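The primary structure of each chain is shown beneath.
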Amino acid sequence: MDKNTQRLAVLALGISSALVGCSSQTFFQTDGGTISDGGTNSDGGGSTGSGYYHTSGAQIVDANGSPVRLTGVSWFGMETDWFAPHGLDKQPLSFMLDKMVQLGYNSIRIPFCSQMFDAASTVKNVDYSKNPNLQGKTPIQLLDTLIEQAGARKLRVILDRHRPDAYSQSELWYTAAYSEQRLMDDFKMLATRYKGNPTVVGFDLHNEPHGQATWGSGVMATDWRLAAERIGTAIQTVNPELLLFVEGIENVSGQYYWWGGNHMATGQNPVRLPTPNHVVYSPHDYPASVYGQSWFSAANYPNNLPGVWDSYWGYLVKQNIAPVWIGEFGSKLQTTSDQKWMTTLVSYIVANRLSFAYWCWNPDSGDTGGILADDWTTVNQNKQDIIGPALAK
């Protein structure tokens, strides 16, 4: 997420309604092997479920066909030039994961960048006195350890290709430095590395396509739907059991939305893969403090919001087309408008049994803050109290 960049881009366009090759082939398993059966709950949103997941209509289901909901947090940092989740200079990895479990989250979205896998990339800003087991590890070896420890706690992991390099997001899924082929090779490497370990339940193929990105245009250089099919097909040649989370775009036929959030064209132009029933669509949604979208100033705000969400992405669930996982939403909750937005969105999530990854765990997100306060210890209880009803029990 880079909402400041989104804000500037929209202002430049003058659009009031728009916003914000790897060499390692090491096989990896957690010490405990595959995740044990966590069961399901009465609301149809199981805590972890059993084995790999797939989709059935608008639901995510586990290996036994029981409905599950992924209700987690994004923990960023591996997509930056630290090549490590932020906060490991303040706390042990075990503290972070234990706290997530304690608060009721069942999954983690881990942003990464392609540059993380370059030979010259090294882990920075980890306090090894607090994390001695991370000493000497490469970025991907640190990721191994995070996944191992998450799996031991029955936390599922979604690996999010957040950006190509460590410094900025890209409109499209490729740049001059990091090609589409490199992206496919990275995902095939990750699929191989974690094959047989359903702690890694899926991949978020690219974060927030926007600008030039199209959906269903047929233009190879910009059609994100076709690119998701190519990337997804490559991943399925290695592991067809992974969920593939596909974000939307920014602009569909002049209708603008948050970067990666516009799925207006998805229902008519779905992502097609050799192994069906493994695509989950992912929007991002933010409040007025991030960018003043037109719907925030409507006379019937916030009662208008469910209609906005229905039109851009919620219809996918309501028409039983596919599951939706809200890959990002968050706020500092410093304004009444933001508070109304978040309580309304949480109610929408509960009513429609949606999955999500809250943005974010980290306190050092400039636009939203985090679940953790600036001391990296205290929980922002106001946020947690609002999110709590939406967590899978």
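No experiment lies behind these values; they were computed from the predicted model shown.

This next bit is on the packing of helix α3 (residues 139-152) against helix α4 (residues 180-193). Axis separation between α3 and α4 bottoms out at 13 Å; the angle between their running directions is 40°. Comparing the axis directions of α3 and α4 gives the class oblique. Judged by the twist between their axes, the crossing of α3 over α4 is right-handed. On α4, the residues that touch Ile140, Gln141, Leu143 and Asp144 of α3 are Met189, Leu190 and Arg193. The class makeup of the residues in the contact of α3 with α4 is 4 nonpolar, 1 polar and 2 charged.

Counting 106 residues, the largest nonpolar core has Trp75, Leu159, Leu190, Phe203, Leu205, Trp224 and Trp313 as its most contacted members. Among the elements that make up this core, the one with the highest residue count is helix α6 (residues 305-318) (8 residues). Apart from residues lying up to four places away in sequence, Leu190 is in contact with Phe112, Phe117, Ile140, Leu143, Leu159 and Phe203. The next biggest cluster of nonpolar side chains, apart from the first, holds 11 residues, and it includes Val68, Leu243, Phe245 and Ala357.

Before going further, it helps to spend a moment on the pairing of strand β6 (residues 156-163). Counting buried residues in β6 gives 8 out of 8 residues, a clear majority hidden from the surface. Across 7 bridges, the pairing between strand β5 (residues 107-113) and β6 is parallel. Bridge pairing in β6 links Arg109 to Ile158. Handedness of the β5-α3-β6 crossover: right-handed. Taken together, the 4 bridges between β6 and strand β7 (residues 200-204) define a ladder with parallel strand orientation. From the neighbouring strand, Leu159 faces β7, where its bridge partner is Phe203. For the crossover that starts at β6, traverses α4 and ends in the parallel β7, the hand is right-handed.

Another point: the sheet that holds strand β12 (residues 325-326). The sheet built from 8 strands is open, its strands ordered β11-β8-β7-β6-β5-β4-β13-β12 with parallel pairing. Of all strands in the sheet, those with a lone pairing partner are β11 (279-282) and β12, marking the two edges.

Looking at the protein, pLDDT values average 91 and 88% of them are 70 or higher. Here residues 3-46 is a poorly scored stretch, pLDDT under 50, and it has 123 contacts once near neighbours within four places are set aside; other chains count.

Here we take up the environment of Ala221. Following the sequence through the fold, Ala221 ends up in the loop between β7 and α5 (224-236). For the pair formed by Ala221 and Tyr174, sequence separation is 47 residues and the distance between their alpha carbons is 9.4 Å. Apart from the residues lying within four places of it in its own chain, the contact partners of Ala221 are Leu172, Trp173 and Tyr174.

The next thing to look at is the sheet that holds strand β1 (residues 54-56). The strand order across the open sheet formed by 3 strands is β1-β2-β3, and the pairing between neighbours is antiparallel. Strands with a single pairing partner mark the edges of an open sheet, and in this sheet they are β1 and β3 (67-68).

Enumeration over the complete set of coordinates arrives at 14 salt bridges. For Asp127, the salt bridge is made with Lys130, and the minimal N-O distance between the two is 2.9 Å. The exposure class of Asp127 is partly exposed, given its relative accessible area of 21%. Among the residues examined, Lys130 registers a relative accessible area of 35% and is labelled partly exposed. The salt bridge involving Arg182 is made with Asp186; its shortest N-O contact spans 2.8 Å.

Attention now goes to the pairing of strand β8 (residues 243-247). Burial analysis of β8 places 5 of its 5 residues in the buried class, the great majority of the element. Here β8 shows a buried face lined by Leu243, Phe245 and Glu247 and a second buried face lined by Leu244 and Val246. The pairing of β7 with β8 spans 3 bridges and is classified as parallel. Residue pairing in the sheet places Phe203 in a bridge with Leu244 of β8. With α5 bridging β7 and the parallel β8, this β-α-β connection has right-handed handedness. Across 4 bridges, the pairing between β8 and β11 is parallel.

Time to look at unusual backbone geometry. Note that the residue after Tyr301, namely Pro302, is joined by a cis bond; omega there is 5°. The topology assignment puts Pro302 in the loop between β11 and α6. Geometrically, the link from Trp359 to Cys360 is a cis peptide bond, its omega value of 5° lying close to zero. Phi at Asn277 takes a positive value of approximately 65°, unusual for a residue other than glycine. Summarising the element assignment, Asn277 is placed in the loop between β10 (255-256) and β11. Look at Asn277 and you get partly exposed, because its relative accessible area is 46%. Its identity as a non-glycine residue notwithstanding, Leu333 has a phi of 60°, on the positive side. One can find Leu333 in the loop between β12 and α7 (336-352).

Our next topic: the packing of aromatic side chains. This model, assessed by the stated rule, comprises 21 aromatic pairs. Judged by centre distance (5.5 Å) and plane angle (40°), the ring pair of Trp173 and Trp224 falls under tilted. Of the two residues, Trp173 is situated in the loop between β6 and α4 and Trp224 in helix α5; the sequence distance between them amounts to 51 residues. For Trp173, a relative accessible area of 0% corresponds to the buried category. Judged by centre distance (4.4 Å) and plane angle (50°), the ring pair of Phe245 and Trp325 falls under tilted. Here Trp325 lies in strand β12 and Phe245 lies in strand β8, a separation of 80 residues in the sequence. A single burial state applies to Phe245 and to Trp325, both of which are buried. Through a chain of ring-to-ring contacts, three or more aromatic side chains come together here, namely Tyr257, Trp258, Tyr286, Trp295, Phe296, Tyr301 and Tyr312.

Parameters at a glance
Residues numbered from 1 in each chain as written. Predicted model: local features only at pLDDT ≥ 70, side-chain atom pairs only at ≥ 80, totals over all residues. Heavy atoms only, no water. Axes fitted to C-alpha atoms, helices over the stretch in contact; angles between N-to-C directions. Helix = DSSP H or I, 4+ residues; strand = E, 2+ residues; numbered from the N terminus. Parallel < 35°, antiparallel > 145°, perpendicular 65-115°, else oblique. Left-handed = near helix turned anticlockwise from the far one by under 90°. Contact = heavy atoms within 4.5 Å. Nonpolar A, V, L, I, M, F, W, Y, C, P; charged D, E, K, R; others polar. Core = buried A, V, L, I, M, F, W, Y, C linked by side-chain atoms within 4.5 Å. Buried < 20%, exposed > 50% of the residue type's maximum accessible area, 1.4 Å probe, protein only. Pairing = 2+ DSSP bridges. Right-handed = clockwise from strand over helix to strand, strands pointing away. pLDDT = per-residue confidence, 0-100. Salt bridge = Lys/Arg side-chain N within 4 Å of Asp/Glu carboxyl O. Phe/Tyr/Trp six-rings, centres within 6.5 Å; stacked < 30°, edge-to-face > 60°.

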